[in-house]
Structure formats: structure tokens, C-alpha cells
Protein chains: 2
Amino acid sequence: MLGRMMEMPLLISSVLRHAERWHPWVEVVSRTVEGTTVRSSWGEVARRSRRLANALRSLGVQPGDRVATLAWNTHRHLELYFAVSGMGAVLHTINPRLPLDQLRFILQDAGDVVLCFDATFAPLITPAAAAPTPLRHLVALTEAGALPAGAPDGTLAYEALLAAEPEAFEWPELDERTASSLCYTSGTAGHPKGVLYSHRSSVLHSWALALPDSLSLSTRDVTLPVVPMFHVNAWGIPYAAAMVGSKLVLPGPRLDGASVADLIGAERVTNLLGVPTVWMALLQHLEQAGTRLTTVDRVVIGGAAAPPSMIAKFQHDHGATVLHAWGMTETSPLGTVSRLLPVHDALPEAEQLRVQARQGRPIFGVDLRIVDDAGTALPHDGATAGHLHVRGPWVASGYFNREASDTHHDGWFETGDIGSIDALGYLTLTDRSKDVIKSGGEWISTIELENAAMGCAGVRQAAAIGVPHPKWLERPLLVVVRAEGSGVSADDVRRHLESRVVKWWLPDAIEFVEQLPIGPTGKVLKRVLRERFAGYVLPG
Amino acid sequence: MLGRMMEMPLLISSVLRHAERWHPWVEVVSRTVEGTTVRSSWGEVARRSRRLANALRSLGVQPGDRVATLAWNTHRHLELYFAVSGMGAVLHTINPRLPLDQLRFILQDAGDVVLCFDATFAPLITPAAAAPTPLRHLVALTEAGALPAGAPDGTLAYEALLAAEPEAFEWPELDERTASSLCYTSGTAGHPKGVLYSHRSSVLHSWALALPDSLSLSTRDVTLPVVPMFHVNAWGIPYAAAMVGSKLVLPGPRLDGASVADLIGAERVTNLLGVPTVWMALLQHLEQAGTRLTTVDRVVIGGAAAPPSMIAKFQHDHGATVLHAWGMTETSPLGTVSRLLPVHDALPEAEQLRVQARQGRPIFGVDLRIVDDAGTALPHDGATAGHLHVRGPWVASGYFNREASDTHHDGWFETGDIGSIDALGYLTLTDRSKDVIKSGGEWISTIELENAAMGCAGVRQAAAIGVPHPKWLERPLLVVVRAEGSGVSADDVRRHLESRVVKWWLPDAIEFVEQLPIGPTGKVLKRVLRERFAGYVLPG
């Protein structure tokens, strides 16, 4: 017997409609590629999204068609989020930092029919779209008559398209499982794979994201996603902010410490989201400028493990609570959030930091398990590490354009991460399964080793990789980038580590480099590092 | 094109499974009918719910069968919530305060096959179940061997049933639209009508309930629903508390001020939920005892309009924020919540109170409109009043066992309420459409009149009704209950009102009574009051 409740599909257009009806005045502030600041609102975003939907329909975009973006976080990109998905087409956000061959592959694999791009990326367009693709229209995200230099002939101007269209548009009543957006995983090995989100998954994920134990988003917040809108839908913030009526601040292309700090102050931001590398730059700027954040309540750190020293700095110097979060492109991305439980309130600060440095606890909707190589579930004892599996209504069941997936079994997605789960449900990731160092049959966590090293004065960044060893199979090599002006030595780092990790985890060698290889999503490319140190001979 | 996300139904059993996996240690504390306090946990609730599901299956309960309860808020009732819905049957919570003829009607209309009852209600069972019904089993919510006096022969003891069953039970993977629970509206006219909730509506409602701008439920909360579990699923708190891992405190049968105050103190409750009459008793007790609440962060008031004086008292004397909420049995019930927006922060307290006394703003998922008699949408100007319509995925589309509904049109549910909506989206209910006083073609809001009167020193309760008038069609009569020991006069009340409502709203007469007729859900029965004052002759 079915219940007798209204059957209303969960749609991205219903989120936008709610925003327009119930908090149209809430601001959406955007820094643009041109360097201006555009002050809009959820009401204005809704109206312009309807014009945009009309424009895309005029360009021949059909339900299910893919519309690609190569764009920064701006109000125009936000309008594309709502218009493309709302009309039943699929928003395909492309990471502009990808190598050209991957860009080409992705455009072809997705079969995009329209490509919208910021002026910054105009030089990429001709080479990226050189190979045969179904691309029919190029749209520059600019004013009418201000097409960027280097844009191919026939490129249309976004504002000219909008100006030509009426504001009235009826969002279609779609099946809530309809595809809404597409984002390719960075794919360190093999071709990138597209994750195809649905309206349902996006709306459910927004609810989960906004919960008090999750990111706690409300209409009292001023939210600044420094995480790009081409990284897993800016972690779902555009939808969640519209749902709860948070003021949204979009930073445009300038993500350096000074620009972000300036924007935080000017817009009185309460809620920051981004990857550790961005925060490193921000904290460095704030320290040099001798200023403190005064309005920020929470800093959400994800995309890579947050070093405890970074968590401490935000909390100590700037009075902001750090929420360390874990997720993947395949998980929309929210999987876990690390918040203290009441039982931790009385702990000394150092122990609280250790809890916060974990990846956190799953919120309702997400289920996790860790298993051994044979697939047997392992205990949640905080010590036993295993392969992390995840499932839930906003977890991918497969990939766009691929019949099969070799990372899905028994209804679980196999993340490729290694981690442990403690008795209170906190996940701690210790490695990517391909990065873990296997020393004499035991695993050494490169992440823990790196976190410990990054707490050493004078160390700016550190990466651990396994190097072949005749007796132990592999032993750790630690690659360190010194902080500016620091003369920290290998012995200094080793002494620092001695009191922080078990003895057999201590790296057999420490090498200093000018910089680490960083991938298009801001993560250290361990594969490149391993290639660089291939044949490295460990001492004694 | 459909997205490629996991298809996982939203089920009440998935909420319980999450609670057991991720916060099994969080306490569920229950006062029982026997007078004891039972300390359980979400893990224990999950385990016992599985035993209970086995027991119900052994009793022959099939998917879709209705299992009725006549019970207080206790751990056993909570287990019934999860076991009955989780196994695919329908939990039918009956209000024990209903008149016997309605009880009989409801048991027959619902076609309950099992009836579970607290000892308190044993005397009701024989008369209620006297007429022919499909009832096959009676279960007393007691220890084995402790059947209550007056229970019919063959009554089973709840704990004996559980003890006989194993803990293993696989919750079925249901269609998320499957009916989960059934609650009859109080139905002041005609037969009560059953609202049939689904798993989907219950889970979505839980997300909405827990949001920061809604009730803001988290695992740091200790939640005490004084609102009964036979009133719209205790406003959805059992599901939402399990979802977020809030400690849950269940008060059992003793809802007097002293018992509730004692429980709040003993369990360090942070979050209270109930109707105004319960809070009146609590505040009176606290005042007499000269004690203050110290742990309570929020008091959710719903079910009837909260007088501004009550809101002020909680906030002033007890440091708790009042969240005034509106909803109905047909809306699961959450419709709107009144919270201050940032724009209100700088207002004087009296003006903030006026905002809080409104019914509040709709949260995402709920859409509202007000229309005139012809069905035309009215502006959100804070002044124009109209018929309130509501829709959303947790709003009823019809009623159990009824083909048609005369309160549903064009996809909207017609609430029977009269209200206005202001520019910031705050709903203010001014009346039930059947209670509004029509004076010379204009409407007088009985709720506003009553709220103004209840602010007068010496007035404990007030109710306004329309009395026929030769010239104006209807004019207001105000019926007042004096506070204990007060000698407040009609002139005192009139003088108090003169500065608070427009002149033509002033009641033509004020009558004092010992008490007002209160219905089974705690609301004043205006219909009874109108009958009592039928033929009343207004002065001059």
C-alpha cells in the first residue's frame, strides 16, 4: 500500500523556485573575470536563469544534451548551473587545468553541444575543440560586444543571448532521477571518467550538506566557496545555498591570499570552503599582513587531508571552527564531516585537534565500510585499516558512457582509499590504496607521515612515497619543500618525527625539492613523484 | 537521460540502520507508565525493534496491515514506530483523548489488525473494540506477567513477545512511497480522516526538520518531545532524532509542569517541543517553584498559536529561544518556522517578539500561497489575508480510505486557515476560516484578539467567537478565563484591548467562564463555545 502524500519530484528547479519565492532579496555577489564586482540576488539569479534557459532552447539545446563550461566561480556560471539542469539538459563543468589531451577527450566523451567559457580560457578553446566533436555553439561569458581576444569566429556573447530573450520560462516537471550535471574525475591513471549526477541526488545532497552536524548552512550565513565550480559542483554549495537562502559570494578568478582575504572582509563572509593549498596561501597572506579574520565562523577543508597545524591556525588565530570533510567526485561529494562530539568537549586542545584531523563521521544517507583484501568487513576499532567502500543515494552507481565499472561491487563503490574507523564512527584515511607504503607486509600511512612532517617548523609541504627495498619490499622516502627562508635540515625533520610516529615508520631518507608536482585538482601527484625518484637508492 | 547515481529508497528502516551503525551509544531515556525510568540507546532501540518486527510477523502482520497504538511517549512506543513501519506495515497512532464514538470509528475505518496499548488505556479497550473490527490481537505495553487490570482476555504482554524472538531481522527493501504511518485529523466537523504518510515523506520531512533554519537538530541535542507520539508522529521527532543522533527523552504519561521540569533538569534537555497548554503548566510551575531552566536552548511551540507573552517568558526568564512553528496533520506537520532574520537583529525586543509570534517562513520543500474566495493568488504584503494553501512532498494528497478529497484542488491542499504573508515570507495566521468573525463584510481575526487579551494581567485564557448582529452580521464576544485568584473585570480587559487592536475589533461583550472547552488535541473547541453562547444577546 502506498502512502497518500503529494508526488512532487525533487528538482534543481524547485530549489531555485523556492529561492525566488522565499528569499529573493538575499545577495549573490560575484567578482568577475573583468575585475568588477556584480551584486545580484537569488531573485535576479532566478530571472536570469529563465532568460538563459530560453536562450539555450533557441540555440537548439534539447533535454539530455550536455552543455559544457570552462569557467570560474561567478554569477554567470551560477546561472548556467540552474538554467541548464533546470531545463532538463546536463551541465558539464570542465576543469580548465586539465592537460590538453584530457580536455579533448572529455569534450568528445561527453558529447557537449554548447561550450561556455570565461575570457581567461579563450586560448584553450581552439586547440581543445580541434578534433571532431558534436559542439554546435561557443558562448563567451562576457558582455555583448566584448568577445575575448582569441575566441574562435562565431563565438556568441552570453549577455547578448540573455538580452534577446524573455524572462518567462516554465521549468519542466522532470523525473527526479533525470541527469542534471556531469563532472569528470581527475583520473590519475587511464582516461577520466564522468560522474553523472541526478536532480534527486543533488537535492538530497543539499539537505545533507546543510544539516547542523554537517556544514550547518542557514539563511544567516554568507558563504564563500573558494572551491571551484568545476570541482564536484563546488561541493554542492550552489544548490544548498539556494535551498537555505544563504548569501553567496563568488570569488571569480583571483584565488590568491590577498584577494580572498579582501573579499572575506568586504562581504563579511561567515563560511569558507576550499582545499588546503588555497588556505595555505590565505593563512600566509594574513600572517604577513598581520590581520585576522573576524567574521568567519567555519572553514570547511576538503579535497585533501587538512594538516592539523592548519586546523590549529584557523581556530587559534582567527576564531573560526574548522570542519574537515571528506568526499569524492563519485560521492557528490559529501561523505563525512569531522566535528567534535560532546564527549570531546572536555579534552585538551591537542587531543581535540587529533579528532578534527580525522576525516569525520558519515552523515545520514552515506554508509561506509572498511574491508580487507578478501572483502570481509573489518571492525571499527580505530586501528584496523582496510579498503574504504561507500554507498548512498548521492553516490555514483557507475560512469557516464561506460557500461561497466570496475570500482562497483555488491552495491558499494570502492573508493580506492585506505582507512580505519573508530568506535565513535570517525573515519581516518591513511592512504590511497595505490600510494600506501608496504613495508615488510605492514602498511605505512603516507598521509600520517606527511601530516607529522608538516608540523615541523620550516617545512612547507611534504610528500612520502615508497621506494623499493631489498629486505622490506618498500621503505618510505620523504620529499620536503622548505618554507620560504627556512634552512630546516633532514636531521631536524627526523628529530621532529621521532616523537610523533612509530620507529619503523621513520623515513629512510629525506630529500628537499623546490616544489612538488601538483595535479589539476590541487593534489600532489604521487605518481609523478615516484617516477622522478625511480631508481632512488636508499642509504645504508 | 537518467543520472547514474545509486537507487536507494528513503526508508524509515534506513534511518534506524544509520542510528545503529553510527550513533548506537546515544541515549534514549523513557519514563514509563509504571513510573520507572528506562535508559536505552539508539543501538538498543534498533535491536529491540528487530525483535518486535519478528514478533509482529509471528502474530501474522503482513505488509500494508495497520497496527494501532494507544500509548504515551515511551521507548516501547518508539520501537513500534520503527518496527511496524520498517517491516512494511502501517503504524496507526490513535489519540486516546478522542470521544468513544470516534475511537470506534477510527479503529474500524483504519481496519487495524493489532492494537497495542499502555496500561493507562486498558479501560478503553473493551468499549472501543466492541463493534466488529478486523482486530486480531491486543498487546499491552507491559512486562511479561504484568497485564493491566481490565485488559480483555487474550491480551498479550509486549515484553513477553519480544523475549520470545530473535534479534536478527532483515528490513525489507520497500518502494519509498510505501505507506508508513497513519494519523487521523481531529475532525471538528464530520468523521475524522486518516492521513497516510509514506517512508519518503517521513525521511524528507526529517531532513527539513533538522535544518539550521528549521529546528536545528544535531547530535549535540537532548530532545524532549512533550508533544505526544499520537499527534502527527510527535511532529516527526522520533525519525529526525534517529537521523541526526540526538539523545531522546520520552516523558511517559506525566506531562504536568513539575514532572516535565524535573525531567528537563535530570536529563539536561536542550530542546523542548509541545503545544501552548503544556508550556502554560510548565511556566506556572517554574514560577511557583522559583526555578529557572538552565539547559534549554530552544522551545518549539506548535499545535496552536503561541501567545507573545509565553514567548517572552521563555526567552526572558529561562534564556531559551522560542521557535514558533506551524503545521497540520496533513503537512507531517512541518510547514513554517518563525526565526528572526539578520534584518531583525537590531530591532527592539518588542518588535522581535511580534516577528516570533508569526507562524514563520516555509522551509524548502513546503510551498504556500494565499488566495481570495475566487482562488486568485493574493500579494505577500503582510496585510491582505486569504485562504492558505500548501503543497510539498510531505503534504497529504488525499485521505486513507477516501476516494476523493474536497480540500485538495490544483495540486494544493486547502488548509482551512486564513492568513497573510509579509514581504519577508512570514506567514501570520489570523483564523480558521470557520472561526473568523465577519463584521460588516470585513474579517476580524479571533487569534489576534485572543493574543491581545491574553497579554492582560489576570487573564489566563481567552477565546473570541462571532455572535449574530442585526446590522454587522456578526460581532465579537470574548470569553475569558481568569487567572487563579484574579479579579480582573470586563472593563480592565476592554481598556487593555483599546490600545492594542483597532476600534471596530473591540468585543461587543466580554463573558467570564471557569474553563474553556478543550478538544482532544488541546485546542479550544470554538464550535462548542458557539453552541454554548447560541442565542446570546449583545448589549446595546
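Coordinates for the structure precede this section.
Here we summarise the structure given alongside this text. Since this is a predicted model, take the numbers as computed values, not measurements. (Residues numbered from 1 in each chain as written. Chains lettered and ligands numbered in written order. Predicted model: local features only at pLDDT ≥ 70, side-chain atom pairs only at ≥ 80, totals over all residues. Heavy atoms only, no water.)

1. Thoughts on the overall build of chain A
Helix and strand content of chain A: 16 helices and 26 strands. The C-alpha radius of gyration of chain A comes to 23 Å, within 12% of the 24 Å expected for a compact globule of 540 residues. For chain A, the spread of C-alpha atoms along the three principal axes comes to 75 × 60 × 50 Å. Pairs at least 24 residues apart make up 67% of the contacts formed inside chain A by residues separated by at least 6 positions. Taken together, the 48 basic and 56 acidic charged side chains of chain A have centroids lying 1 Å from each other. (Helix = DSSP H or I, 4+ residues; strand = E, 2+ residues; numbered from the N terminus. Rg over C-alpha atoms; globule rule 2.2 N^0.38 Å. Contact = heavy atoms within 4.5 Å. Lys, Arg positive; Asp, Glu negative; His and termini not counted. Charge placed at Lys NZ, Arg CZ, Asp CG, Glu CD.)

2. Quick word on the side chain of Q352(B)
Here Q352(B) shows up in helix α13 (residues 349-356). Non-local contacts of Q352(B), meaning those with residues more than four positions away in its chain, are made with L340(B), H344(B), D345(B) and L347(B).

3. Quick look at the packing of helix α1 (residues 12-22) of chain B against helix α2 (residues 42-58) of chain B
Residue and element names in this part refer to chain B. The N-to-C vectors of α1 and α2 enclose an angle of 130°; their axes lie 8 Å apart at closest approach. If you check the angle between α1 and α2, you find them oblique. Between α1 and α2 lies a crossing whose hand is left-handed. On α2, the residues touching L16, A19 and E20 of α1 are W42, G43, V45, A46, R47, S49 and R50. Looking at the contact of α1 with α2 residue by residue, the class counts come to five nonpolar, two polar and three charged. (Axes fitted to C-alpha atoms, helices over the stretch in contact; angles between N-to-C directions. Parallel < 35°, antiparallel > 145°, perpendicular 65-115°, else oblique. Left-handed = near helix turned anticlockwise from the far one by under 90°. Nonpolar A, V, L, I, M, F, W, Y, C, P; charged D, E, K, R; others polar.)

4. Comments concerning the relation of the copies chain A and chain B
Of the transformation placing chain A onto chain B, the axial shift is 0.0 Å and the rotation is 180°, giving an RMSD of 0.1 Å. The relationship between the two copies is best expressed as a two-fold rotation axis. It is L211(A) whose C-alpha, among those of chain A, lies nearest the rotation axis, at 2.6 Å. Both copies share a contact surface, since 100% of the interface residues of chain A are interface residues in chain B too. (Least-squares fit on C-alpha atoms with pLDDT ≥ 70 in both.)

5. A look at the environment of L293(A)
Counting through the fold element by element, L293(A) comes out in the loop between α11 (276-289) and β13 (298-301). Expressed as a C-alpha distance, the spacing of L293(A) and I12(A), which sit 281 residues apart in the sequence, is 33 Å.

6. Examining the interface of chain A and chain B
Contact residues are listed per partner, giving 80 residues for chain A and 80 residues for chain B. Sorting the residues of chain A by area buried against chain B places R4(A), M6(A) and F364(A) first, and these three jointly supply 15% of that buried surface. Linking chain A with chain B are eight salt bridges. Counting across the chain A and chain B interface gives 35 residue pairs in polar contact (both at pLDDT 80 or more). Elements with a contribution of two residues or more to the side of chain A that touches chain B: α1 (12-22), β9 (194-198), α7 (199-210), α9 (237-244), β16 (361-362), β17 (367-371), β18 (386-391) and β20 (412-421) of chain A. A per-element tally of the side of chain A that touches chain B places α7(A) first, with seven residues. When grouped by side-chain class, the residues that make up the side of chain A that touches chain B number 44 nonpolar, 19 polar and 17 charged. (Buried area = accessible area lost by both parts, 1.4 Å probe. Salt bridge = Lys/Arg side-chain N within 4 Å of Asp/Glu carboxyl O. Polar contact = N/O pair within 3.5 Å; in protein donor to acceptor, adjacent residues only side chain to side chain.)

7. Looking at the pattern of salt bridges
Tallying each qualifying case throughout the model produces 62 salt bridges over all chains. The salt bridge partner of K313(A) is E287(A), with a shortest N-O separation of 3.2 Å. With a gap of 26 residues between them, K313(A) in helix α12 (residues 308-318) and E287(A) in helix α11 connect regions that are remote in the sequence. We classify E287(A) as exposed; its relative accessible area is 54%. Taking the shortest distance from any N to any O, the salt bridge between R48(B) and E79(B) comes out at 2.7 Å. Pair noted here: R48(B) is in helix α2 and E79(B) is in helix α3 (residues 75-86), with a separation of 31 residues, a long-range link. Its relative accessible area of 0% is what places E79(B) among the buried residues. Here the residues in one salt-bridge network are E34(A), R48(A), R76(A), E79(A), E143(A) and E159(A), joined through shared partners. (Buried < 20%, exposed > 50% of the residue type's maximum accessible area, 1.4 Å probe, protein only.)

8. Quick word on the side chain of D112(A)
Residues and elements named next belong to chain A. Residue position: D112 is located in the loop between α4 (100-110) and β5 (114-117). Here D112 is buried and forms no salt bridge, its nearest opposite-charge partner R66 lying at an N-O distance of 5.4 Å. Within the structure, the side chain of D112 is placed 2.9 Å from the side chain of H92, a separation counted as a polar contact. Leaving out residues up to four positions away in the same chain, D112 has contacts with R66, V67, A68, H92, I94, I106, L107, P134 and L135.

9. Looking at empty space enclosed by the protein
Inspection of every chain in the model, using the stated rule, returns six cavities of 30 Å³ or more. One number sums up the size of the largest cavity: a volume of about 210 Å³. For the largest cavity, the lining is made up of 18 residues, of which D213(A), R361(A), P362(A), I363(A) and V244(B) are closest to its centre. Within the residue set of the lining of the largest cavity, elements represented by two or more residues are β15 (334-338) and β16 of chain A together with α1 and α9 (237-244) of chain B. Grouping the constituent residues of the lining of the largest cavity by class yields 10 nonpolar, five polar and three charged. Within this model, the second largest cavity holds a volume of roughly 50 Å³. (1 Å grid on protein atoms, 1.4 Å probe; cavity = no way out; pocket = protein on both sides within 12 Å on 5 of 7 lines; lining within 4 Å. Points joined across faces, edges and corners; volume = space filled by probe spheres on them.)

10. Points about the packing of aromatic side chains
Considering all chains together, one arrives at 22 aromatic pairs over all chains under this definition. When the ring of F82(A) is compared with that of Y239(A), the centres are 6.1 Å apart and the planes differ by 85°; the resulting orientation is edge-to-face. Here F82(A) is found in helix α3 (residues 75-86), whereas its partner Y239(A) is found in helix α9, with 157 residues between them in sequence. The burial state of F82(A) is the same as that of Y239(A); both residues are buried. Put simply, the rings of W207(A), F364(A), W394(A), W207(B), F364(B) and W394(B) touch in pairs and so form one group of aromatic residues. (Phe/Tyr/Trp six-rings, centres within 6.5 Å; stacked < 30°, edge-to-face > 60°.)

11. A few points about the state of the cysteines
Evaluated as defined, the whole model comprises zero disulfides over all chains. A disulfide-free cysteine, C183(A) has its sulfur positioned 16 Å from the sulfur of C116(A), the nearest such atom. (Disulfide = S-S within 2.5 Å.)

12. Concerning the pairing of strand β17 (residues 367-371) of chain B
Residues and elements named next belong to chain B. Here β17 lies mainly inside the structure; four of its five residues are buried. Sheet topology note: the β17/strand β18 (residues 386-391) ladder contains five bridges and is antiparallel. Its bridge partner being in β18, D367 is matched across the sheet by R391. (Pairing = 2+ DSSP bridges.)

13. Describing the sheet that holds strand β3 (residues 66-70) of chain B
Pairing between the strands of a sheet comes from backbone hydrogen bonds, and it takes one of two forms, parallel or antiparallel. All names here are of chain B. Taken in spatial order, the seven strands make up an open sheet running β7-β6-β5-β3-β4-β8-β9, and their pairing is mixed. Taken across any chain shown, the strands that pair with only one partner, and hence form the sheet edges, are β7 (156-157) and β9 (194-198). Sheet topology note: the strand β4 (residues 90-93)/strand β8 (residues 179-184) ladder contains three bridges and is parallel. Residue pairing in the sheet places T93 in a bridge with C183 of β8. α3 rests against β3, β4, β5 (114-117) and β8 of the sheet, and its axis sits at about 145° to β4.

14. Comments concerning the sheet that holds strand β2 (residues 37-41) of chain B
Read across the open sheet, the nine strands follow the order β2-β1-β11-β10-β12-β13-β14-β15-β16 (chain B); overall the sheet is mixed. Two strands close off the open sheet at either side, each with one partner strand: β2 and β16 (361-362) of chain B.

15. A few points about α9(B)
Across the eight residues of α9(B), eight count as buried, placing the element largely inside the fold. Buried residues of α9(B): I237(B), P238(B), Y239(B), A240(B), A241(B), A242(B), M243(B) and V244(B), and no others.

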